[in-house]
Amino acid sequence: MRTRTGFTRTFPRRRLKTCYVVCHETALFLIRGRVSDSNLFAISFRVERRILHCRIKRDGNNYIIGDGDVTATFESLNELVQYYQTHPLYKSVKLNKKFPVSRELVDRHIFDEQEDIYDGAGIYTDPNCFQAPSISVKALYDYTAHRPDELSFPKNAIIFNVDTKQDKDWWRGDYGGKKQQWFPCNHVVQIDSSQKEEETPLGIMQQGAIDVRGAEIVSTSKVNNLYVFKLRLLVGAEREIGCSDTDELTDWIQKIREASQLPDNLETHQSERSYKIAKELSDLIVYCRAVTFAPDKFPRDFREMSSLSESKAEKYLTGQKASAFVSINRMQLTRIYPKGTRVESSNYDPMLAWNCGSQFVALNYQTPDRSMQINAARFLVNGCCGYVLQPECMRSELYNPSCKVALASSNPVTVSLRIIAARHLPKTGRSISCPSVEVEVIGAEYDSSSYGGSNKYKTSKDRNEAAGFNPLWNETCEFDVVNPELAFLRFVVQDEDVFGEPSFIGQATYPMPSLRSGYRSVPLKNSYSEELELASLLVHLDVSRANEDQQIYQTLQQLQEESQNLCQRIEEARLEGDMAKVEEMRLKQSELEDLKRSKREERRRYRQRKLSRQEKPKFLQKKKLSSVSLRSN
């Protein structure tokens, strides 16, 4: 059961009924989850002496209330409750802000289960029709459509039924006979209904307007008792206008021809004088044009850029859609930004977006977390100035961010790391510090420790008296990285507080292509990626090709895949409650880990023998042979 008031997954309907009997507050409500299906919920609320229910279904990151013709979509259950606390859910009933149902409320009452307050067998109902208020906007400038699905309109035009939710920079609306077409939001300003009535010449009597600039009279005819002429507009649409007699027909045609022959550039020149800029010059310096993300319209112009929220981008960063998203990013720019529900300014993992080729990955810079530290490391290769070129493997048509089989140009490497010691570590508390170092590889899904991989290692704690200042570990670890062009190596030095929770001391994150073999002093940085004075790690790195010993490398990769599959099966069995199966698979996993350690040790001895043969001077071998021959003589 969740602790949030007004929500439970294990609340029986019988106790819900008795709770509503004794609690006589109108619109008393409770959200219940179905035990058999984690994506189905129901909100129950009291209306007079009845209990009504509405179904709620979770679809990805969205929650949909209602299962009939009337539905509404929200990003969270909290947003749903907050909306219906200020808007009617059923008829004129709003959810009660003061009395959500909780277990404490039920336990405080004595139940009388004789009264039947359910409204028959069909207890599920639909919410009120979810209708957003109609929005109208007024054009600030002229705009000419560049695509068939866009609107063309003059300055001061009124656009009706505007939809502002589908895209941040482009809206949809009705104008000039076209329904729900796109237009740029920076060319218009929103107006309320009273202002709209005042701006039109006929007030509330005016139901619309037609732009006759550039229009022409196509034909005239008589239909029944009306004299009709057909008008072809500049946008290509045609309109038929009826008149009662020939005099009215002649007057309409004359006025329309006069209006269509007025200079079209009058307002343009006035705008240029007020802003002191030439529109022709402004059109030449537009680098990118914001458009709605539409995968079905690919390929598009390379100058177009689409913006996606984190929630929308999640559908294209994993699974089968990831390859299509990579192809789109080869031809145009995309920008991903955090979703609006991150009220604490937290960040998402930028690696998935980078691995799929997204060029602009926006983060909350005010939050010093792991994502921002990876972002700072991304731009170390160019001195934190300018752009970073995408790896060569991402420019291949065969590239798939979640499949390592398709990698043709990437050379896998093995990173052998010896963590020796540290110096001048800042003290986190008043007690003696016992620091440890955690090392992980961050990159593609098959390399990253965040997605079930084994490329993560943590040293033991140095409990000497001087360990808090100059600790000594002298421990070794080894990582196999299939795609080093996308990977980072991250060091985190941490301590434990009195409750056993990790306490951050310092970190260092570097791109894998920037690593060099040998003894290295690694400067430590704080959570904002600012260097800590004198604090550093002493390590020894050995970066070598992973497939030098092809047979051992392939065996290790097979063991790694078996270990990852076993981890997934253990998690599934744990969720099902089969603890005996979990223990059995954990024993098998420990056997796999022992086998991987033995294979790594075998590879280490193989490389040492190979290195010793390469480093032995040939003249020493000849000298030894000559000395043996002299003794024999």
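Residues numbered from 1 in each chain as written. Predicted model: local features only at pLDDT ≥ 70, side-chain atom pairs only at ≥ 80, totals over all residues. Heavy atoms only, no water.

**Q** Would you mind showing me how to read the overall build of the protein here?
**A** A tally of regular secondary structure across the protein gives 14 helices and 26 strands. Counting all 633 residues of the protein, 39% fall into the buried class. Sequence separation of at least 24 residues holds for 58% of the intrachain contacts in the protein that already meet a minimum separation of 6. Entry remark: accessible area of the protein is about 37,300 Å², with carbon and sulfur atoms responsible for 51%. (Helix = DSSP H or I, 4+ residues; strand = E, 2+ residues; numbered from the N terminus. Buried < 20%, exposed > 50% of the residue type's maximum accessible area, 1.4 Å probe, protein only. Contact = heavy atoms within 4.5 Å. Areas by Shrake-Rupley, 256 points an atom, 1.4 Å probe, with all protein chains shown as cover.)

**Q** Please clarify how the pairing of strand β23 (residues 488-496) should be interpreted in this entry.
**A** Every regular strand shows the same layout, with side chains that alternate between the two sheet faces. Counting buried positions along β23 gives 8 out of 9 residues, so the element sits mostly inside the fold. Taken together, the 7 bridges between strand β20 (residues 436-442) and β23 define a ladder with antiparallel strand orientation. When the sheet's bridge partners are listed, E440 is paired in β23 with R490. With 9 bridges connecting them, β23 and strand β24 (residues 502-511) associate as antiparallel partners. (Pairing = 2+ DSSP bridges.)

**Q** What should I look at first to understand the sheet that holds strand β17 (residues 333-337) in this one?
**A** Across a sheet, paired strands are connected by hydrogen bonds in the backbone, their directions being either parallel or antiparallel. Read from one edge of the open sheet, 4 strands run β15-β16-β17-β18, paired in parallel fashion. Pairing within the sheet leaves two strands with one partner each, and these edge strands are β15 (289-291) and β18 (360-361). Of the pairings in the sheet, the one linking β15 to strand β16 (residues 304-309) comprises 3 bridges and is parallel in character. In the sheet register, R289 faces β16, and the bridge partner there is E304. Contacts from helix α8 (residues 310-317) reach β16 and β17, with the element oriented near 105 degrees to β16. (Axes fitted to C-alpha atoms, helices over the stretch in contact; angles between N-to-C directions.)

**Q** How should I be thinking about the environment of G319 in this particular structure?
**A** By secondary structure assignment, the location of G319 is in the loop between α8 and α9 (321-331). For G319, a relative accessible area of 52% puts it in the exposed group. Sequence-wise, G319 and P401 are 82 residues apart; in three dimensions their C-alpha atoms are separated by 9.5 Å.

**Q** Mind showing me how you'd approach the pattern of salt bridges here?
**A** Oppositely charged side chains can form a pair if their charged atoms are brought close together. Counted by the stated rule, this structure contains 8 salt bridges. R330 is paired through a salt bridge with E397; the nearest N and O atoms lie 3.7 Å apart. Of the two residues, R330 is situated in helix α9 and E397 in the loop between α11 (370-378) and β19 (413-423); the sequence distance between them amounts to 67 residues. Of the residues examined, R330 reaches a relative accessible area of 27% and is grouped as partly exposed. Across the salt bridge formed by K456 and E438, the nearest N and O atoms sit 3.8 Å from each other. Taken together, the positions of K456 in strand β21 (residues 456-458) and E438 in strand β20 put the pair 18 residues apart, joining distant regions of the chain. E438 gets classed as buried once you look at its relative accessible area, which sits at 19%. Here the residues in one salt-bridge network are R147, D149 and E304, joined through shared partners. (Salt bridge = Lys/Arg side-chain N within 4 Å of Asp/Glu carboxyl O.)

**Q** Could you clarify how one ought to interpret the nonpolar core in this entry?
**A** Nonpolar side chains in soluble globular proteins tend to end up buried together. Within the largest apolar cluster, 32 residues are counted, with the highest numbers of intra-cluster contacts made by L317, F325 and I336. Only α8, α9, α10 (351-355) and α11 provide two or more residues apiece to this core. (Core = buried A, V, L, I, M, F, W, Y, C linked by side-chain atoms within 4.5 Å.)

**Q** Is there a simple way to explain the sheet that holds strand β9 (residues 170-175) in this structure?
**A** Strand order in the open sheet formed by 5 strands is β10-β9-β8-β7-β11, and the pairing between neighbours is antiparallel. The open sheet is flanked by β10 (178-184) and β11 (188-191), the only strands paired with a single partner. Strand after strand, the sheet turns through a mean of 45 degrees between neighbouring axes, direction not considered.

**Q** When you look at the confidence of the model for the protein in this model, what are you seeing that I'm missing?
**A** Low-confidence regions, as indicated by low pLDDT, have predicted coordinates that should not be scrutinised in detail. When pLDDT is averaged across the protein, the result is 76; 74% of the residues are at 70 or more. Mean pLDDT across the secondary structure elements of the protein bottoms out at helix α14 (residues 618-632), with 43, and peaks at strand β25 (residues 518-525), with 94. Contacts from residues 1-5, a stretch scored under 50 in pLDDT, to residues over four places away or in other chains number 10 contacts. In this model, residues 263-273 is a region of pLDDT below 50 whose contacts with residues beyond four sequence positions or in other chains number 9 contacts. (pLDDT = per-residue confidence, 0-100.)

**Q** Please clarify how helix α2 (residues 77-86) should be interpreted in this entry.
**A** Because the α-helix completes a turn every 3.6 residues, residues three or four places apart line up on one side. By the burial criterion, the buried members of α2 are L77, L80, V81, Y84 and Q85. Projection of α2 onto a plane perpendicular to its axis shows the buried side chains occupying an angular sector of 130 degrees, all on one side. (Arc of directions from axis to C-beta.)

**Q** Just to check I follow, could you spell out a nonpolar patch on the surface for this structure?
**A** A surface patch of nonpolar side chains, about 220 Å² in accessible area, is lined by L140, Y141 and V189. In this fold, V189 is placed in strand β11. Overall, V189 belongs to the partly exposed group, its relative accessible area being 37%. (Patch = residues over 30% accessible without salt bridge, like charges linked within 9 Å, V, L, I, M, F, W, Y side chains within 5 Å.)

**Q** So what exactly am I meant to see when it comes to α8 here?
**A** Among the residues of α8, those classed as buried are E310, A313, Y316 and L317. The buried residues of α8 occupy an angular sector of 115 degrees when the element is viewed end-on, so they sit on one face. After α8 finishes, the residue G319 shows a positive phi value of roughly 80 degrees.

**Q** Please clarify how unusual backbone geometry should be interpreted in this entry.
**A** One non-glycine residue, S345, lies in the positive phi region at around 60 degrees. With respect to the helices, strands and loops of the structure, S345 is situated in the loop between β17 and α10. According to the relative accessible area criterion, S345 is buried, its value standing at 19%. A positive phi angle, close to 55 degrees, is found at N474, a residue other than glycine. The topology assignment puts N474 in strand β22 (residues 472-481). N474 gets classed as partly exposed once you look at its relative accessible area, which sits at 41%.

**Q** Please clarify how the packing of α8 against α9 should be interpreted in this entry.
**A** The description of two helices packed together rests on the angle between their axes and the distance between the axes. Running from amino to carboxyl end, α8 crosses α9 at an angle of 105 degrees, the nearest separation of the two axes being 6 Å. Classified by the interaxial angle, the pair formed by α8 and α9 is roughly perpendicular. Along its contact with α8, which presents K315, Y316 and L317, the element α9 presents K321, A322 and F325. Class assignment for the residues of the contact of α8 with α9 results in 4 nonpolar, no polar and 2 charged. (Parallel < 35°, antiparallel > 145°, perpendicular 65-115°, else oblique. Nonpolar A, V, L, I, M, F, W, Y, C, P; charged D, E, K, R; others polar.)

**Q** Which parts of the structure should I look at to understand the environment of R335?
**A** Tracing the sequence through the fold places R335 in strand β17. Judged by its relative accessible area of 23%, R335 falls in the partly exposed class. When the C-alpha atoms of R335 and F360 are compared, they prove to be 4.5 Å apart, with 25 residues separating the residues in sequence. Setting aside its immediate chain neighbours within four residues, R335 contacts K168, S306, S307, L308, S358 and F360.

**Q** Just to check I follow, could you spell out the side chain of H187 for this structure?
**A** Relative to the elements of secondary structure, H187 occurs in the loop between β10 and β11. Within the structure, the side chain of H187 is placed 2.9 Å from the side chain of N186, a separation counted as a polar contact. Apart from residues no more than four positions distant in its own chain, H187 is found in contact with K138, A139, L140, Y141, D142, Y143 and F153. (Polar contact = N/O pair within 3.5 Å; in protein donor to acceptor, adjacent residues only side chain to side chain.)

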